[in-house]
There are 2 protein chains.
Amino acid sequence: MIAEEFIEANQKYAANFTPPKLNRRNIAVVTCMDPRVQPYEQLGLKIGEGGIIRNASGSAEEAIHSLVVIQHVFKVTQIAVVHHTDCGATKFTTEWLRDKVKAANPGRDDVVKTIDGMDWHNFTDVEESVKRDLKYLAENPLVVKGTKVTGWIYDVDTGKISQVGDVVV
Amino acid sequence: MIAEEFIEANQKYAANFTPPKLNRRNIAVVTCMDPRVQPYEQLGLKIGEGGIIRNASGSAEEAIHSLVVIQHVFKVTQIAVVHHTDCGATKFTTEWLRDKVKAANPGRDDVVKTIDGMDWHNFTDVEESVKRDLKYLAENPLVVKGTKVTGWIYDVDTGKISQVGDVVV
């Protein structure tokens, strides 16, 4: 199991550990679970800085549950949505994934209902995907009024980010 | 704006960039958005390795939407749930947060309905929180049968992880 390797690696990490100061820096980053993404280094954040929300594709819709916390509890008023090239979300469709989960759970009406309520907002154009999320956040009453949202694409081949939009909620 | 600083920091990052190979290593890590958490270094994963899902507290319930993708599309069969000491989820209650969002949206019945449907599973005991998520995953039909789930606490003061449970789904 991979997790068993965590212990040895962590012992080395902890041996030279200095606790970082928690500094939210008024920024939440919403990005993909893809491990080629490394928001701290790629965006110039130090460990301890910002709030880092990650999920399949970097969906603002999936992240809203956490954004409510970081905004209403921790007063963060800036959000950066960072999607990336070669994203897994371009490699399947919501309908295909729903069918796959249903096939793995024959006769389970509860699973059918749950999975039909999930949507991964798969995309072919990463810029459109970021812009869709900016629109989603701009129109969502759970987002604090006055929040500044920026949209970005991270290129996994070059390491470069490019901004594709911004909006004030 | 913080995001404006991203561009300059990213230019330095990209100047010495070698694209990492994508290697899912059959592991998904579910952990907190708290920026003192750095799953790659703290668990011994290199950039490009694993799948990293992050949200408020490292909730498996919020992560399920992404776990379905990483399991059914990308065939990952090991999940590590990593919560941490001094977590923000210990510093408020779901009821308090719901009231705060409602107060910010007077007269919006749609907001009341949405926010009353959200639960942050706040906790005082981080070990119980991890165990709750192991149970949640073990009982969830969306998780692939045979998945190995491990539960961990990351100590933000020492940099050390400790395992608090495991389950085969």
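Computed from a predicted model, the values in this text were never measured in an experiment.

Asks: Quick question: what am I supposed to make of the pairing of strand E4 (residues 148-154) of chain A here?
Replies: As a general feature of sheets, a regular strand has side chains that alternate between the two faces. All names here are of chain A. Here E4 lies mainly inside the structure; six of its seven residues are buried. By the bridge criterion, seven bridges tie E4 to strand E5 (residues 161-168) in an arrangement that is antiparallel. Paired with Lys148 across the bridge in E5 is Val168. The turn joining E4 and E5, which pair antiparallel and follow one another in sequence, is formed by six residues; a positive phi near 80° is taken by Gly159.

Asks: Just to check I follow, could you spell out the domain arrangement of chain A for this structure?
Replies: Where interface size is quoted, it is often the accessible area lost as the parts come together. All names here are of chain A. Under the domain assignment used here, chain A contains domain 1 (21-86 + 123-169) and domain 2 (88-122). On a C-alpha basis, the centroid separation for the pair domain 1 and domain 2 is 25 Å. Between domain 1 and domain 2, the residue contacts involve six residues of the former and six residues of the latter. Considering only the surface of domain 1 that becomes buried against domain 2, Asp86, Phe123 and Arg132 emerge as the three largest contributors, covering 68% of it. Linking domain 1 with domain 2 are one salt bridge.

Asks: Where do I start with the nonpolar core in this structure?
Replies: The nonpolar side chains of a soluble globular protein tend to be buried with one another. Ranked by size, the top nonpolar core spans 77 residues in total, and within it Ile64, Leu67, Val69 and Leu137 of chain A together with Leu67, Val69 and Leu137 of chain B carry the most contacts. With residues up to four places along the chain from it excluded, the contact list for Val69 of chain B reads Met33, Ala56, Phe92, Leu97 and Trp120 of chain A together with Phe74 of chain B.

Asks: Hey, could you run me through helix H4 (residues 94-104) of chain A in this one?
Replies: At 3.6 residues per turn, the α-helix brings residues three or four places apart onto the same side. Within H4 of chain A, the full set of buried residues consists of Thr94, Leu97, Arg98 and Val101 of chain A. Across the axial projection of H4 of chain A, the buried residues extend over an arc of 100°, all falling on one side. Those residues of H4 of chain A that are buried lie in contact with helix H5 (109-116) of chain A together with helix H3 (60-72) of chain B.

Asks: What am I meant to see in the environment of Gly151 of chain B here?
Replies: All names here are of chain B. Considering the arrangement of structural elements, one finds Gly151 in strand E4 (residues 148-154). Placed 12 residues apart in sequence, Gly151 and Gln163 show a C-alpha to C-alpha distance of 5.8 Å. Excluding residues within four positions of it along the chain, Gly151 makes contact with Val81, Val130, Leu134, Ser162, Gln163, Val164 and Gly165.

Asks: Even after reading the chapter, I still don't get the UniProt feature "binding site: Zn(2+)" (unreviewed entry) in chain A, so can you show me in this structure?
Replies: Taking the numbering used here, the UniProt-annotated feature "binding site: Zn(2+)" (unreviewed entry) corresponds to Cys32, Asp34, His84 and Cys87 of chain A. Over a stretch of 56 residues, the named residues converge on one spot in the fold, their C-alpha atoms separated by at most 8.9 Å. As for its placement among the helices and strands, Cys32 of chain A is situated in strand E1 (residues 23-32). Residue Cys32 of chain A is classed as buried on the basis of its relative accessible area, which comes to 4%. Ignoring any residue separated from it by four or fewer positions in sequence, one finds Cys32 of chain A in contact with Val37, Arg54, Asn55, Ala56, Ser57, Gly58, Val82, His84 and Cys87 of chain A together with Ile52 of chain B. Locating Cys87 of chain A in the fold gives a position in the loop between strand E3 (78-84) and H4. Those residues in contact with Cys87 of chain A, other than ones at most four positions away along the chain, are Cys32, Ser57 and Phe123 of chain A.

Asks: I keep staring at the interface of chain B and chain A and nothing clicks. Help me out?
Replies: The partner chain A presents 81 residues to the 81 residues of chain B that form the contact. Between chain B and chain A lies a buried interface of about 7100 Å² when both sides are counted; carbon and sulfur atoms form 67% of it. Considering only the side of chain B, the residues that lose the most area to chain A are Phe6, Pro35 and His65 of chain B, jointly responsible for 10% of the buried surface there. Applying the counting rule to chain B against chain A returns two salt bridges. One salt bridge in this structure joins Arg25 of chain B and Glu5 of chain A, with 2.6 Å as the shortest N-O distance. For the interface between chain B and chain A, the tally reads 37 residue pairs in polar contact (both at pLDDT 80 or more). Classifying every residue of the side of chain B that touches chain A gives 48 nonpolar, 18 polar and 15 charged.

Parameters and conventions
- Residues numbered from 1 in each chain as written.
- Chains lettered and ligands numbered in written order.
- Predicted model: local features only at pLDDT ≥ 70, side-chain atom pairs only at ≥ 80, totals over all residues.
- Heavy atoms only, no water.
- Buried < 20%, exposed > 50% of the residue type's maximum accessible area, 1.4 Å probe, protein only.
- Helix = DSSP H or I, 4+ residues; strand = E, 2+ residues; numbered from the N terminus.
- Pairing = 2+ DSSP bridges.
- Domains from an automatic or database assignment.
- Contact = heavy atoms within 4.5 Å.
- Buried area = accessible area lost by both parts, 1.4 Å probe.
- Salt bridge = Lys/Arg side-chain N within 4 Å of Asp/Glu carboxyl O.
- Core = buried A, V, L, I, M, F, W, Y, C linked by side-chain atoms within 4.5 Å.
- Arc of directions from axis to C-beta.
- UniProt positions renumbered as here; feature names shortened; annotations may be inferred.
- Polar contact = N/O pair within 3.5 Å; in protein donor to acceptor, adjacent residues only side chain to side chain.
- Nonpolar A, V, L, I, M, F, W, Y, C, P; charged D, E, K, R; others polar.

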